[in-house]
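# Structure assessment
Okay, here's what each chain looks like letter by letter:
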Amino acid sequence: MSKRFTSLALTAHPPAAARRGRGRSRRVVAPFTAVSVLVAGAALAGCGQQRDADTYTVMNSSTDESYHRWDAEAMARCGKELGVTIEQQSVPAAQVMTKALRMASSKSLPDIVQFDASEMPTFADAGGLVDLRTLGLSTDDIPDGIVDFGSYKGTYYGAARSVNTLALFYNKDLLDQAGVEVPTTWAELRATAQKLTRGKQYGLALSAGGAEDGVFQFTPFMWSNGGDETDLDGPKVVEALDYWKGLLKDRSLSKSTVNWTQADVNDQFMAGNAAMMINGPWQVETLNSDTSLHWGIAPIPVPRAGDDSVGPLGGAVLTVPNTGDEAREKTAGKIVACLASEKEQLTYALNSWMVPANAKAAAVWREKVPELDSLADQVAVARSRTAKLGAGWSSVSLALQSAFQSALTGQSSETALKRAQQRATSGN
Amino acid sequence: MPTSTVGAQTPAKASEPASAPDPARIARRRRLTQWGFVAPAVVFMLLFFGYPLVRNVVMSFQDYTPKTFFTGEAPFNGADNWSNVFQDALFGKALWHTLVFTAGSLLGQFCIGLALAVFFSRRFPLNGVLRSLILLPWLVPMVVSGIVWRRILDQDTGVLNSFLDTLGIGGHTPWLTSPEMALLSVILVNIWIGIPFNMVILYGGLQEIPKELHEAAALDGASAWRTFRSVTLPMLRPVVTVVLVLGFMSTVKILDLILALTDGGPADATQTLGTLTYQNSFVQLDFGAGAVVGNVLILISAVFAVFYLRANRTEGK
């Protein structure tokens, strides 16, 4: 490199023959042009990716150290069983979809993609996924609700290893101190939360942030009350939102609720700023890191005694993208079958505190973690967000976020939801 | 490469000892050399600026959905995307927020930055230490500042409100949780982030102004304010233009800070064109609509750039 610059400097010497200058200037031009061609070439070549015959790639969102490790261990076991190498590629959850789409257009899709179940329909709708049944996966022992959860328009595209839903977490010590029982109905929840609100401590914490977190948290209130995402301005949804507004008016909820994610809610609960919270089992690992915290878990209270507590079904599904290479897709199907097998599901569920999708595995799981029993009950009746709307969920979700934020910051629930319904149907 | 260079020279010298150089060829060679130097930049610009720019404009007239990534087909749909976006009430809101955000941020950053630059251009003990401390916000990644400020500004548990509470003023200010306050809070955080940049560039500009001018003004009996207005500011003008243009460019397309602070909420109170593009393209996966908003942003920047070039040209004359 340094030699090249030396010759460049020499060209400036006047007495030398001009021809000599030409020779050099060409030599100088050449590398520069070469660099430009290289830059262009690299940019184009980056699109295509060579597949290694015995190496299979799984793209997921296990960016947390513990989840990444559990997945790596499971993949190592399955790889050994099937005689292949399985590589894990983890990207942040919000990027799985866009990354997969980009990879689709450059024909470099990984062999298996783990989508959040609410995103899977979009990818399936675009024609990007292979029917798992044609790859030989069976849905025996998997409850219908969870098969639907991994299906789009009746085709089974995604195998869930575990599922989760929301529940009511409570601080046992704070409830005992106040002498109150764990609430089971809306009226009880409101009264209990009011009793638990004192000083810097709020009765209840939940997330009403402007992202999918908040919508996820609103669904159990909407659904248990008989409301529906296809009729956002229906009286049942308005009633559910009014219930949230009531909690805020009682000061049982912090005003910051509209700015909190589910992780923030968990932080507030752990810091003792909230006596109860709505959250999911993925927080259990963090909750258990504080041994002085005594927490319990219960189904989310229902509008009237005897109603079903319908929560949102959450979790990820393993899918096989449509790469056109049938032999590889077959093997990918076997890998999915292994990762979602009864044995692996149980291991994964025990690690991550989520409920196994397979009924037999779930039964064993219940015996092993009886304290999370109510979660298993709730999962059994939980509903998938995309069951009705499929790929149309995202625009409804955006409209709904805006609506409950408007309502919680002053607007009437009815006006806010009317606007949301308009926005959802017009698509903008 | 080095050996061949040496090897090629010696025989060439011996075989053609005194051939006269042809002036036309020299000129052509020189042009070629010049283009050789320009070529990488041109290729780079075409590849990484020209292509995405054209692509974005084309995309805004296409029905570009997730399906497109598989089929490669994106049928043209005329001005549908444009009319959809312009009919959306959220677009008008976002445009207004973007303008308020940009104007507010620039004004705040510039005034405070200039005041600090003038302050630090005097000599006093600990000047260097303090100046480098003020640079800190610049070193913190935008997303990190966003997350930290979100905690500071939390209505109930935030440090700022606790602090105000002990002073007995506005201890329960809903910084990020009220639609009326949120935009202002986001602007304040962005001002905090932008101060170091403004200060450093303006400080540099102040150092360039010859001391004699200030001495002369002092001899003429000008007051400090008069000197600042009639000597410092006019001399600083080129630097001011640079600061404002660069500030404008980075502020108008704001995205990460707002996503980290409020996610565009509450109730869309902090949606800007940047967050709207993001939402359209990467949440709703309606890439056509996202491209429309992106193009509007480019247009706004282009208009500003033209004004900037105009101003510079008249200055040159």
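Residues numbered from 1 in each chain as written. Chains lettered and ligands numbered in written order. Predicted model: local features only at pLDDT ≥ 70, side-chain atom pairs only at ≥ 80, totals over all residues. Heavy atoms only, no water.

As recorded by an unreviewed UniProt entry, chain B carries the name Sugar ABC transporter permease and is attributed to Streptomyces anthocyanicus. Chain B has a UniProt comment under Sequence similarities (unreviewed entry) that states "Belongs to the binding-protein-dependent transport system permease family." According to UniProt, the comment filed for chain B under the heading Subcellular location (unreviewed entry) is "Cell membrane". (UniProt positions renumbered as here; feature names shortened; annotations may be inferred.)

Where an unreviewed UniProt entry is consulted, chain A appears under the name Sugar ABC transporter substrate-binding protein, with the organism given as Streptomyces violaceoruber.

### A short note on the sheet that holds strand β10 (residues 274-279) of chain A
Strand pairing in a sheet is mediated by backbone hydrogen bonds. Such pairs are either parallel or antiparallel. Residues and elements named next belong to chain A. Across the sheet, 4 strands lie side by side as β9-β10-β8-β11; this open sheet has mixed pairing. Looking at the sheet topology across the chains shown, the edges are occupied by β9 (202-205) and β11 (295-298). Within this sheet the neighbouring strands show an average axis-to-axis angle of 20 degrees, counted without direction. Alignment of strand β8 (residues 167-171) against β11, held across 4 bridges, turns out to be antiparallel. By the bridge assignment for β11, tyrosine 170 is matched with glycine 296. (Pairing = 2+ DSSP bridges. Helix = DSSP H or I, 4+ residues; strand = E, 2+ residues; numbered from the N terminus. Axes fitted to C-alpha atoms, helices over the stretch in contact; angles between N-to-C directions.)

### Examining the UniProt feature "transmembrane region" (unreviewed entry) in chain B
Residue and element names in this part refer to chain B. Within this numbering scheme, the UniProt entry marks residues 35-54, 94-120, 132-152, 181-203, 239-262 and 282-309 as carrying the feature "transmembrane region" (unreviewed entry). Within the segment residues 35-54, helix and strand shares are 100% and 0% respectively, and the terminal C-alpha atoms sit 24 Å apart. Structurally, residues 94-120 is divided into 100% helix and 0% strand, and its ends, taken at the C-alpha atoms, are 38 Å apart.

### A closer look at a nonpolar patch on the surface
All names here are of chain B. A cluster of nonpolar side chains, Leu126, Val129, Leu130, Leu133, Leu136, Trp138, Leu139, Val140, Val144, Val148 and Val200, forms an exposed patch at the surface whose accessible area comes to about 960 Å². Breaking the nonpolar patch down by element, the ones donating at least two residues are α6 (127-134), α7 (136-139) and α8 (142-152). Tracing the chain through its elements places leucine 130 in helix α6. (Patch = residues over 30% accessible without salt bridge, like charges linked within 9 Å, V, L, I, M, F, W, Y side chains within 5 Å. Areas by Shrake-Rupley, 256 points an atom, 1.4 Å probe, with all protein chains shown as cover. Salt bridge = Lys/Arg side-chain N within 4 Å of Asp/Glu carboxyl O.)

### Considerations on the pattern of salt bridges
Within this structure, the stated rule accounts for 19 salt bridges over all chains. Lys360(A) is the salt-bridge partner of Asp141(A), the closest N and O atoms lying 3.4 Å from each other. Of this pair, Asp141(A) sits in the loop between α5 (120-125) and α6 (144-149) while Lys360(A) is found in helix α15 (residues 359-368), placing the two residues 219 residues apart along the sequence. Asp264(A) is the salt-bridge partner of Arg150(B), the closest N and O atoms lying 2.9 Å from each other. You can see Arg150(B) sitting in helix α8 and its partner Asp264(A) sitting in helix α11 (residues 262-270), one on each of two chains. By relative accessible area, Arg150(B) is classed as buried at 16%. In the salt-bridge network here, residues are joined through shared partners; they are Asp228(A), Glu229(A), Arg383(A) and Lys388(A). (Buried < 20%, exposed > 50% of the residue type's maximum accessible area, 1.4 Å probe, protein only.)

### What to know about the state of the cysteines
Residues and elements named next belong to chain A. Scanning the entire structure with this criterion turns up 1 disulfide over all chains. Sulfur-sulfur distance for the disulfide between cysteine 78 and cysteine 338 comes to 2.0 Å. Taking the sign of the S-S torsion, -85 degrees for the link of cysteine 78 and cysteine 338, the bridge is left-handed. On the criterion of sequence distance, the pair formed by cysteine 78 in helix α3 (residues 65-82) and cysteine 338 in helix α13 (residues 326-339) is long-range, its members being 260 residues apart. In this pair, the class of cysteine 78 matches that of cysteine 338, namely buried. (Disulfide = S-S within 2.5 Å.)

### Side note on the confidence of the model for chain B
Residues and elements named next belong to chain B. For chain B, mean pLDDT is 86; residues scoring 70 or higher make up 92% of the total. Contacts of residues 1-15 to residues separated by more than four positions or lying in other chains number 8 contacts, the stretch itself having pLDDT below 50. Reported confidences for the modelled complex are a pTM of 0.81 and an ipTM of 0.78. (pLDDT = per-residue confidence, 0-100. Contact = heavy atoms within 4.5 Å.)

### A short note on the UniProt feature "domain: ABC transmembrane type-1" (unreviewed entry) in chain B
UniProt annotation of "domain: ABC transmembrane type-1" (unreviewed entry) refers to residues 95-308 of chain B when read in the numbering used here. Helix makes up 77% of residues 95-308 of chain B and strand makes up 0%, while its end C-alpha atoms are separated by 22 Å.

### So, the packing of aromatic side chains
Residues and elements named next belong to chain A. This model, assessed by the stated rule, comprises 29 aromatic pairs over all chains. With a centroid separation of 5.7 Å and 70 degrees between ring planes, the pair formed by phenylalanine 221 and tryptophan 244 is classed as edge-to-face. Here the residue phenylalanine 221 occupies a position in helix α9 (residues 212-224), and tryptophan 244 occupies one in helix α10 (residues 235-249), the gap between them amounting to 23 residues. Taken together, Trp186, Phe218, Phe221, Tyr243, Trp244 and Phe404 form an aromatic cluster joined through their ring pairs. A cation sits over an aromatic face here: arginine 161 above tyrosine 348, 4.2 Å from the ring centre. Looking at arginine 328, its charged tip hangs above the ring of tyrosine 56, at a distance of 4.3 Å from the centre. (Phe/Tyr/Trp six-rings, centres within 6.5 Å; stacked < 30°, edge-to-face > 60°. Lys NZ or Arg CZ within 6 Å of the ring centre and 35° of its normal.)

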